[in-house]
Amino acid sequence: MRELPKIHQLKNLKAIIQYGSIRAASEALHQTQPAMTRSIQELERIVGVPLLVRGVRGALLTEMGRIFEPRMNMVLNELERAIDELRQIERSSQGSVTFGCSHLPAFGIVPTVIKKFQERYPTARFTVIEGQLSELISSLRLGRMDFFIGVVSPDISLHEFNDEHLAIAEFGVIARKGHPLINSTSLRDLRAAKWYLPTASAGYFSDMEKLIFPYGREPTCSVILGDSTAIAEQLVLNEDYLFVGPKNMLAVPHVQKMVSIIPIKEKLPDGHYSLIYRQQQTLTPLAKHLIDDIRFAYLGFMGQQILSQQL
């Protein structure tokens, strides 16, 4: 069998990439510089190519190193999850779950689901990363996240993932109650407005500026891109920014008190929400339980929307 790298060698390389130099990495991992240098030299001997270039400004990945890095990270992430899964099986209430989500889940169901979940599993650790699929798919692919819930789009390939449809949501332009433009009836009236839009290199929001500015932009118009709910809330409520989001968000009581839908005549594309996870990644027990809770919560949340629309 061909000789394979050792785990400590991979961890050392990862630390050097993270901290930028062998010296800083050795200090962070409480190793001597000679010991770390030897481990990297041994790793390069095993893989057969140089992975780092050492210089006065630190250590940089070679071209081969850049090719090696994502697969190395995947190996380390998978190993960590394997150990975490075994610990969860042995002690079902312990472990960690990392997942991504976009607007509607972040506002509508995730806080309540996590609260109830933690009541059942008080020692479980959660990491929630808010953002769009285009910005988080690399982390999902490398195993840094267990799953993602949010808007999907045909222009993002999901052939290596399970794509479980959750709901279709109608989108609109949202502003604080009392906004000067709250009674506007066309996007033409919003050409001079300030906007906070999600960051997306592909997918639903990637072409949003083209959709909301069909009549052009006034010089006073400004657009800020980001994925922070807290920043969005401050800009919308205190600085009169507009944003595009699912109308279902207004079903959340505290959100409904703060913002309203601007009644523009133009229809924005619907958002298709899915649960996404890798086909070849075995979900940990905690992740499976949390996904089950999210499915159930989504059914209830969307059912309430249908009922309220009928009434």
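Placed above this text is the structure.
Computed from a predicted structure; not experimentally measured. Within each chain, residues carry numbers counting from 1 in the order of the written sequence. Residue-level local features of this predicted model are given only where pLDDT is at least 70; pairs of side-chain atoms are given and counted only at 80 or more, and the full residue set underlies all totals for whole chains, interfaces and linings. Remark: hydrogens and water are excluded; side-chain values derive from all non-hydrogen atoms of the structure.

Visitor: Looking at this model, I keep getting lost on the overall build of the protein. Mind explaining?
Guide: Runs of E in the DSSP output that reach at least two residues are strands. Runs of H or I that reach at least four are helices, and both are numbered from the N terminus. Across its full length, the protein holds 11 helices and 12 strands. A principal-axis box enclosing the C-alpha atoms of the protein has dimensions of 70 × 50 × 35 Å. Working definition: with a 1.4 Å probe on protein chains only, accessible area under 20% of the residue-type maximum means buried, over 50% means exposed, and in between means partly exposed. Split into buried and exposed, the 311 residues of the protein put 46% on the buried side. What makes two residues a contact is simply this: any of their non-hydrogen atoms within 4.5 Å. Considering only residue pairs separated by 6 or more positions, the protein has 76% of its internal contacts joining residues 24 or more positions apart. Only four residue types enter the charge count: Lys and Arg as positive, Asp and Glu as negative, with His and the chain ends excluded. Taken as the charge centre is NZ of Lys, CZ of Arg, CG of Asp or CD of Glu, depending on the residue. Averaging the positions of the 34 positive and the 32 negative side-chain charges in the protein gives two centres separated by 3 Å.

Visitor: What's the story with the pairing of strand 10 (residues 241-246) in this structure? I'm lost.
Guide: Successive residues of a regular strand alternate their side chains across the two faces of the sheet. When you tally the buried positions in strand 10, you get six out of six residues, the bulk of the element. One ladder, built from four bridges, connects strand 7 (residues 171-176) with strand 10; its direction is antiparallel. Pairing of G172 across the sheet is with G245, part of strand 10. At least two DSSP bridges between two strands are needed for those strands to be called paired.

Visitor: Even after reading the chapter, I still don't get the nonpolar core, so can you show me in this structure?
Guide: Joining through side-chain atoms within 4.5 Å is the link that ties buried Ala, Val, Leu, Ile, Met, Phe, Trp, Tyr and Cys residues into a set, and such a set is a nonpolar core. Ranked by size, the top nonpolar core spans 48 residues in total, and within it F147, F171, V173, L190, W195, V244 and L290 carry the most contacts. By residue number, the principal contributor to this core is helix 11 (residues 285-310), which donates six residues. In this structure, F171 is in contact with V151, Y204, F205, V244, G245, P246, K247, L268, P269, D270, G271 and Y273, ignoring residues within four places of it in sequence.

Visitor: Is there a simple way to explain a nonpolar patch on the surface in this structure?
Guide: Together, I7, L79 and I83 make up a nonpolar patch on the protein surface, roughly 210 Å² of accessible area in all. Mapped onto the secondary structure, I83 falls in helix 4 (residues 63-90). Note that patches include only residues with greater than 30% relative accessible area and no salt bridge, and the join distances are 9 Å for like charges and 5 Å for nonpolar side chains (Val, Leu, Ile, Met, Phe, Trp, Tyr). Methods summary: accessible areas were calculated by the Shrake-Rupley approach with a probe of 1.4 Å, and residue burial reflects only the protein chains presented. Basic side-chain nitrogens of Lys or Arg form a salt bridge, by our definition, when they fall within 4 Å of a carboxyl oxygen of Asp or Glu.

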